[in-house]
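Analysis of the macromolecular model
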Amino acid sequence: MNPPPRTEAQETRNKSRQHVGQRRMEDALPGELSLHEESPLVRPYGDTTGDGMVQISFTLPVPHDKRAEGAALQLAAKMGMSPAILVHAKSIAPSFTFFVVYGAVTHLVDLREVEVVERDFDVLSARDTNALIRKRLRRKLVVVGACIGTDAHTVGIDAILNIKGFAGEKGLEYYREMAVHNLGAQVPIPELVNAAHDLRADAVLVSQVVTQKDAHIHNTTAMSAAFREAFPAGKVPLLIVGGPRFEEGSAKELGVDRIFGRGTTPGEVASYLVHAMIERPKGKSA
Amino acid sequence: MVNLAKRHTTVSVERATLRLAGLSGADHERVPWVNHLVDRVRQDVGLEHGVALPVWDALRRGDAPDLTTLAQKAAGGAVTFRLPEGKDSTAAGKAARTAISRGVRTIDKQRATRDKLIARHGDPKQKPWIYLIVATGDIYEDIPQAQAAAREGADIIAVIRSTGQSLLDFVPEGATREGYAGTYATQENFRLMRAALDETSKELGRYVRLTNYASGLCMPEIATLAGLERLDMMLNDSMYGILFRDINPIRTFVDQRFSRQIHARAGIIINTGEDNYLTTADAVEAAHTVTVSQLLNEYFAKEAGLADWQLGLGHAFEIDPTVPDSFRLELAHALLARTLFPDAPLKWMPPTKHMTGDIFRGYLLDGFFNLVGAMTGQGILLVGMMTEAVVTPWLSDRDLALQNVRYVLDAAGGLTEDFHPPREGLIQTRARQVLREAIDLLQEIVDDAEETGDPALLAAIADGTFGAMKRPPTKGKGLDGVARKAPGYLNPATDLLSEGSDR
């Protein structure tokens, strides 16, 4: 069915539009993008569809003068802003200038090319985590943490376990339904295994920061082997290692259940524990 | 509680005592000599008599010409310590007192220097004083940043410590260039930063104060180093380490008392950590725990000799902004603290929990935070960053944050004069309610005392009354560094501090 012919006014407006090819229109002609169908190609939205408007702010290490303003516009142009409008420039230190720039970007975003890496568990709030443990496990979830071998860097394990926490999230100690035992630094592996046994640990968290001569790899494999030796099959606690230099995909190789990398927050670890213990138990007796 | 603190000593108190006597430095593995010496003395004669007698007895017997050599020899196992008796004991005690009093006099001199510099350069023109944080991990990066921040208007520079330092049972040595989310507190770092800020103070005609953290397992030593190197403020909370770092309660109270005695002597303003209660619990429901903590901090501070002007009691703007009347509730809480402690330079801390990464909304929230500070006459204002929880503050973030503060203080700084909320209004009613809840909680703590004879507060901490954390006195980090004093225990440092004498 042919669309109704356009009025003269519509035609005039149409000619004044920029980026005609990419714009979705209410009154789309064949071949043009229509507002009514989801387009895979999008631009930033200021106040009109397809205007591509963005704002950025940044600081350049130069004194505020005409040259600095030109430099800011040059940067904006190189970032794909055309036209760019310098709306604010201010000297914030003897040789630093702060800028705010508005402008249209020439880039298109193709939604079809966006890749989303799905986490295999949901991140829960502390309240939901506690509620799930209370309802499903019906006892406290026991967590034992340590730095093993010669590693004295407790930063990682403390960030995850201590109530002080990390990145604005409280550590696992803060969770009422978890019993957390932080054994601290330089814990020998046999001691960790014994502690896990005595405390009936559901999960063992090990932090490894030192990576000299692959110490983190050796320590981790030694640890997982010791646990598999000391516990009957199916009764081994969840083994989790964290540290900035592990490859996230190497859990199986190292014999552990999960690896967490740099920037992991306590909430993510807590959510994983609940996911692994409750939502997908691996034949453990509660 | 105070008696409990007086009946015990800790490895860190003893190490601080040796630091006052001038022992510094570390071995090639960076283990400080004070640690070596205290450990060896403890091995030979125990900690319960204090290290002063065995150490100065060994010096008198000619085991080493000076403290450092003695520590080095002791580390190698070449010295055996004994507990001197009779005349030997008296003589060793006297020698110890002479040596340790030198450190105390250095602290006194540094305090006098501060007074002189303040008289010369002047205090900040406005109240509250503007407090800015620097944290790069590298002291040589921190210095230019701190100087820039001072030029931009900061009255107080705080150097955040490296994550995890509070759990180290030693103080690192020397200038440090790597830290995690902060810079290590060391004597050399203190000295470098204070010297740099002295330069900047002169340039600006305004004494710029320096802040660090006396908390964690080495609290007494860090307080001592702060006194020796003329730091001006120290974070120093009576219960923070127990609740948030799982440090043994007895260790903490003993270390606390010593560090506060040092702060009192050094003219250092302490900053307490009540903001932490509000980040772990709901800021409306837990408002009264802040008041209770402020009262406890005030008590322990005054007992240790601190004056009102040295009590930077903390509180924070942490109510969920979606709660109706959140701003009025913040005003009520801030005004309550102001009214309860009229002579203390209260430390007002910005929103962190409800800073979402939406920097634009965060900027507005910080504006309201500043407004509460201006309206209720707070003493120290920690500048809020709109990029809280996003990045460590950029140069431009700091500039914008300071513009926010300056605008509010210039526009509304005088509002304290006009702002007298009516008795039956929401603000006063709410303040009375929080105060009542605080009194009830204190009563509950007193009633809850256990038959074991432990002080009521210790029982309350064990029960999880504060911050929902249960911390029994028999557990926690650093317990093995605590010793009950034996009859004849001697520590000239605590004697000098308690007496107020310098010889």
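What counts as what
- Residues numbered from 1 in each chain as written.
- Chains lettered and ligands numbered in written order.
- Predicted model: local features only at pLDDT ≥ 70, side-chain atom pairs only at ≥ 80, totals over all residues.
- Helix = DSSP H or I, 4+ residues; strand = E, 2+ residues; numbered from the N terminus.
- Buried ≥ 20, exposed ≤ 12 C-beta atoms within 10 Å, placed from the backbone.
- Contact = placed C-beta atoms within 7 Å.
- Nonpolar A, V, L, I, M, F, W, Y, C, P; charged D, E, K, R; others polar.
- Pairing = 2+ DSSP bridges.
- Axes fitted to C-alpha atoms, helices over the stretch in contact; angles between N-to-C directions.
- Arc of directions from axis to C-beta.
- pLDDT = per-residue confidence, 0-100.
- Parallel < 35°, antiparallel > 145°, perpendicular 65-115°, else oblique.
- Core = buried A, V, L, I, M, F, W, Y, C linked by C-beta atoms within 7 Å.
- Expected span 1.5 Å × (residues − 1).

As a further point, take the overall build of chain A. When helices and strands are tallied, chain A shows eight helices and twelve strands. Within chain A, buried positions represent 32% of all 286 residues. Partitioning the contacts of chain A with sequence separation of at least 6, the portion at a separation of at least 24 is 63%.

Let's shift gears to the overall build of chain B. Helix and strand counts for chain B stand at 20 helices and eleven strands. In terms of principal-axis extent, the alpha carbons of chain B reach across some 70 × 60 × 35 Å. Looking at the 503 residues of chain B, the share that counts as buried comes to 56%. Put simply, of all contacts in chain B between residues at least 6 apart along the chain, 76% involve residues at least 24 apart.

What follows covers the interface of chain B and chain A. Interface size, as often reported, equals the accessible area lost upon joining of the parts. Tallying the contact residues gives 17 residues for chain B and 16 residues for chain A. Broken down by secondary-structure element, the contributors of at least two residues to the side of chain B that touches chain A are α10 (240–245) and α16 (395–412) of chain B. With three residues, α16 of chain B is the largest single contributor of residues to the side of chain B that touches chain A. Considered class by class, the residues forming the side of chain B that touches chain A number eight nonpolar, five polar and four charged.

Our focus in this paragraph is the sheet that holds strand β8 (residues 314–316) of chain B. All names here are of chain B. Read across the sheet, nine strands follow the order β7-β6-β5-β4-β3-β2-β10-β9-β8 without closing on themselves; strand pairing throughout is parallel. The sheet is open, and its two edges are formed by β7 (311–312) and β8, each paired on a single side. Bridging between strand β4 (residues 209–213) and strand β5 (residues 233–235) involves three bridges; their strand directions are parallel. Its bridge partner lying in β5, tyrosine 213 is registered against leucine 235. Contacts from helix α7 (residues 139–151) reach β2 (129–134) and β3 (156–159), with the element oriented near 155 degrees to β2.

Comment: phi is negative for the bulk of residues other than glycine, and the bulk of peptide bonds are trans. Serine 82 of chain A connects to proline 83 of chain A through a cis peptide bond whose omega is -5 degrees. The residue proline 83 of chain A is located in strand β5 (residues 81–93) in this model. Cis peptide bonds are those with omega within 30 degrees of zero, and the linkage from lysine 127 of chain B to proline 128 of chain B qualifies with -5 degrees. Even without a glycine there, the phi angle at arginine 138 of chain A is positive, about 60 degrees. Inspection of the secondary structure assignment puts arginine 138 of chain A in the loop between α3 (126–137) and β8 (141–147).

Let us look at helix α5 (residues 189–198) of chain A. Residues and elements named next belong to chain A. Inspection of α5 places Leu192, Val193 and Ala196 among the buried residues, and these make up the whole buried set. Projection of α5 onto a plane perpendicular to its axis shows the buried side chains occupying an angular sector of 100 degrees, all on one side. Those residues of α5 that are exposed and angled more than 90 degrees off the buried face are Pro190, Asn194 and Asp198. Tucked inside the fold, the buried residues of α5 contact β8, β10 (203–207) and α6 (215–230). Positive phi appears at arginine 200, one or two residues downstream of α5, with a value of about 50 degrees.

Residue and element names in this part refer to chain A. Chain-level pLDDT for chain A is 84 on average; 80% of the residues reach the 70-or-more range. Put simply, helix α1 (residues 8–16) is where chain A has its lowest mean pLDDT, 58, and helix α2 (residues 66–78) is where it has its highest, 98. Here residues 17–21 scores under 50 on pLDDT; set against residues more than four positions off or in separate chains, the count is two contacts.

Residues and elements named next belong to chain B. With respect to the helices, strands and loops of the structure, histidine 121 is situated in helix α6 (residues 86–121). On the basis of neighbour counts, which here come to 17 C-beta atoms within 10 Å, the residue histidine 121 falls in the partly exposed class. If we ignore the near neighbours within four places in the chain, the residues touching histidine 121 are Ser201, Lys202, Gly205, Arg206 and Tyr207.

Moving on to the environment of aspartate 320 of chain B. Residues and elements named next belong to chain B. Tracing the chain through its elements places aspartate 320 in the loop between β8 and α14 (326–340). When the 12 C-beta atoms within 10 Å are taken as the criterion, aspartate 320 is described as exposed. C-alpha separation for the pair aspartate 320 and alanine 58, spaced 262 residues apart in sequence, amounts to 60 Å. Sequence-distant contacts of aspartate 320, defined by excluding residues within four places in its chain, comprise Ser326 and His354.

Two quantities define a packed helix pair, namely the angle between the helix axes and the distance between the axes. Residue and element names in this part refer to chain B. For the pair helix α2 (residues 11–20) and helix α11 (residues 249–266), the least separation of the axes is 9 Å and the interaxial angle reads 25 degrees. Here α2 lies roughly parallel to α11, going by the angle between them. In this structure, α2 contributes Ser12, Val13 and Ala16 to the contact, and α11 contributes Val254, Asp255 and Phe258. A class-by-class count of the residues in the contact of α2 with α11 yields four nonpolar, one polar and one charged.

A separate point is the pairing of strand β9 (residues 178–182) of chain A. Residue and element names in this part refer to chain A. Going residue by residue along β9, you find Met178, Val180 and Asn182 tucked away on one face and Ala179 and His181 left uncovered on the opposite face. Where β8 and β9 come together, five bridges link them in parallel fashion. Residue pairing across strands places valine 142 opposite alanine 179, the latter belonging to β9.

Quick look at the confidence of the model for chain B now. Residues of chain B with pLDDT of at least 70 account for 99%, and the chain-wide mean is 94. Two summary scores accompany this predicted model of the complex, namely pTM at 0.81 and ipTM at 0.84.

The next point concerns the nonpolar core. Within the largest apolar cluster, 198 residues are counted, with the highest numbers of intra-cluster contacts made by Leu37 and Ile157 of chain B. If you look at the next biggest cluster of nonpolar residues, it comprises nine residues, including Ala84, Phe98, Phe99 and Val101 of chain A.

With that out of the way, let us pick up α7 of chain B. The terminal C-alpha atoms of α7 of chain B, which comprises 13 residues, lie 18 Å apart, in line with the 18 Å expected from a rise of 1.5 Å per residue. Residues of α7 of chain B that are buried sit in contact with β5 of chain A together with β2, β3, α8 (187–204) and α16 of chain B. Glycine 153 of chain B, located one to two residues past α7 of chain B, shows a positive phi value of around 130 degrees.

On to the sheet that holds β8 of chain A. Consider a sheet: its strands pair through backbone hydrogen bonds, and that pairing is either parallel or antiparallel. Residues and elements named next belong to chain A. Spatial ordering of the open sheet is given by β9-β8-β10-β11-β12, a layout of five strands whose pairing is parallel. Bordering the open sheet on either side are β9 and β12 (258–260), each of which pairs with just one other strand. Across the sheet, the axes of successive neighbouring strands diverge by a mean angle of 20 degrees, strand direction being ignored.

With that out of the way, let us pick up the environment of alanine 332 of chain B. All names here are of chain B. Looking at the secondary structure, you find alanine 332 in helix α14. Counting along the chain gives 91 residues from alanine 332 to glycine 241, while the straight-line C-alpha distance between them is 28 Å. Residues contacting alanine 332, with those up to four places away along its chain left out, are Ile427, Arg430 and Ala431.

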